[in-house]
Amino acid sequence: MALKPTRTKLKPSTLSLLFRFLTVLLLNLSLRPKPEVNFQSPVAENPRWYNVVAGEAKREKMKVGLVNMDKLGLAQNGEARRELANMVTVDFDCVDKSLRWEDFFPEWIDQDKKWGRPSCPEIPTPRTFEDYGDVGVVVARVPCGGGEGEGKGVRDVFRLQVNLVVANLLVRSRWTSQEEVDRTVYAVFIGSCGPMWDIFRCDDLLWKDGDYRVYRPDLRRLKA
């Protein structure tokens, strides 16, 4: 006579212990530290604007003057390799925030001086240019300030100051350099507003990519 297979039923307490064991096992596996994988960082490459300037100047190593940004800010926008670029931050006092565009470009000018001698507010520039006299390229972050409508950010006093500081650096760098009597210098502007067209002409634009613009300005016209 054949024996019938017997079925063993687990007690509820046994099932509970088994469930707890599996839960603890899965928890330990999830908390176990994963093996570290070391990825070699790629070799730092120069930003495209630096390659454009270096190609135009026909030299790789240049002194870079930073306006309205520091070395950390330049790193966030693609930092040139340190062994190629000698970077220096250009220090200057910011223009008085209470001044407005109309203070520099009024709608009406008392040419006959009936109301006294007209005066123009001061725009601070670097106290000394000798420390930056041999820069080959000036990199500036262009601010986009207040304003309304299509002209938003264009009529900004701080933007005007940054453009004037860059222009002065470029002009003085040409004639104060001890390496050459007359040389070509470049300007790189970072920002959606771009430089002021009254100072940096479209004819001087060498390269544009997004918010980056490279200029080779006519320094004789810029000085005038």
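Attention here is on the structure that accompanies the text. (Residues numbered from 1 in each chain as written. Predicted model: local features only at pLDDT ≥ 70, side-chain atom pairs only at ≥ 80, totals over all residues. Heavy atoms only, no water.)

## Looking at the overall build of the protein
The secondary structure content of the protein amounts to six helices and six strands. When the elements of the protein are put in sequence order from the N terminus, they spell out α-α-β-α-β-α-β-α-β-β-β-α. Per-residue burial for the protein yields a buried fraction of 36% across its 224 residues. Across the protein, contacts joining residues at least 24 apart in sequence account for 66% of those joining residues at least 6 apart. When the accessible surface of the protein is split by element, carbon and sulfur atoms take 52% of a total near 16100 Å². (Helix = DSSP H or I, 4+ residues; strand = E, 2+ residues; numbered from the N terminus. Buried < 20%, exposed > 50% of the residue type's maximum accessible area, 1.4 Å probe, protein only. Contact = heavy atoms within 4.5 Å. Areas by Shrake-Rupley, 256 points an atom, 1.4 Å probe, with all protein chains shown as cover.)

## Here's the deal with the side chain of Asp 156
One can find Asp 156 in the loop between β3 (137-141) and α5 (157-176). Among the polar contacts listed, one links the side chain of Asp 156 to the backbone nitrogen of Phe 158, at a separation of 3.4 Å. (Polar contact = N/O pair within 3.5 Å; in protein donor to acceptor, adjacent residues only side chain to side chain.)

## A word on the packing of aromatic side chains
We describe a pair of aromatic rings using the distance from one ring centre to the other and the angle between the two ring planes. Enumeration according to the criterion identifies five aromatic pairs in this entry. These aromatic residues form a ring-pair network of at least three members: Phe 189, Phe 200 and Tyr 215. The residue whose ring lies beneath Arg 172 is Phe 129, and the NZ or CZ to ring-centre distance is 4.1 Å. (Phe/Tyr/Trp six-rings, centres within 6.5 Å; stacked < 30°, edge-to-face > 60°. Lys NZ or Arg CZ within 6 Å of the ring centre and 35° of its normal.)

## Regarding unusual backbone geometry
Phi is positive for Lys 58, which is not a glycine, with a value near 60°. Backbone geometry places Asn 68, a non-glycine residue, at a positive phi of 60°. Positionally, Asn 68 belongs in the loop between β1 (62-67) and α3 (71-76). Judged by relative accessible area, which is 25%, Asn 68 ranks as partly exposed.

## Some remarks on the pairing of strand β4 (residues 186-190)
With respect to burial, β4 is a largely interior element, five of its five residues being buried. What you see with β4 is no split at all: Tyr 186, Val 188 and Ile 190 on one side and Ala 187 and Phe 189 on the other are buried throughout. Sheet topology places β4 next to strand β6 (residues 212-215); four bridges connect them, and they run antiparallel. Within β6, the position partnered with Ile 190 by the bridge is Tyr 212. (Pairing = 2+ DSSP bridges.)

## Here we look at the sheet that holds β4
Overall, mixed pairing links the six strands, which are arranged β2-β1-β3-β4-β6-β5 in an open sheet. The outermost strands of the open sheet, each flanked by one partner alone, are β2 (85-89) and β5 (205-209). Averaged over neighbouring strand pairs, the angle between their axes works out to 20° when direction is ignored. (Axes fitted to C-alpha atoms, helices over the stretch in contact; angles between N-to-C directions.)

## Digging into the pairing of β3
Look at any regular strand and the pattern is simple: side chains alternate between the two faces of the sheet. β3 sits mainly inside the fold: four of its five residues count as buried. In terms of strand pairing, β1 meets β3 through four bridges, oriented parallel. When the bridges of β3 are listed, Val 64 appears paired with Val 137. In this structure, β3 lies alongside β4, joined through five bridges in parallel fashion. What sits directly across from Val 137, in β4, is Tyr 186.

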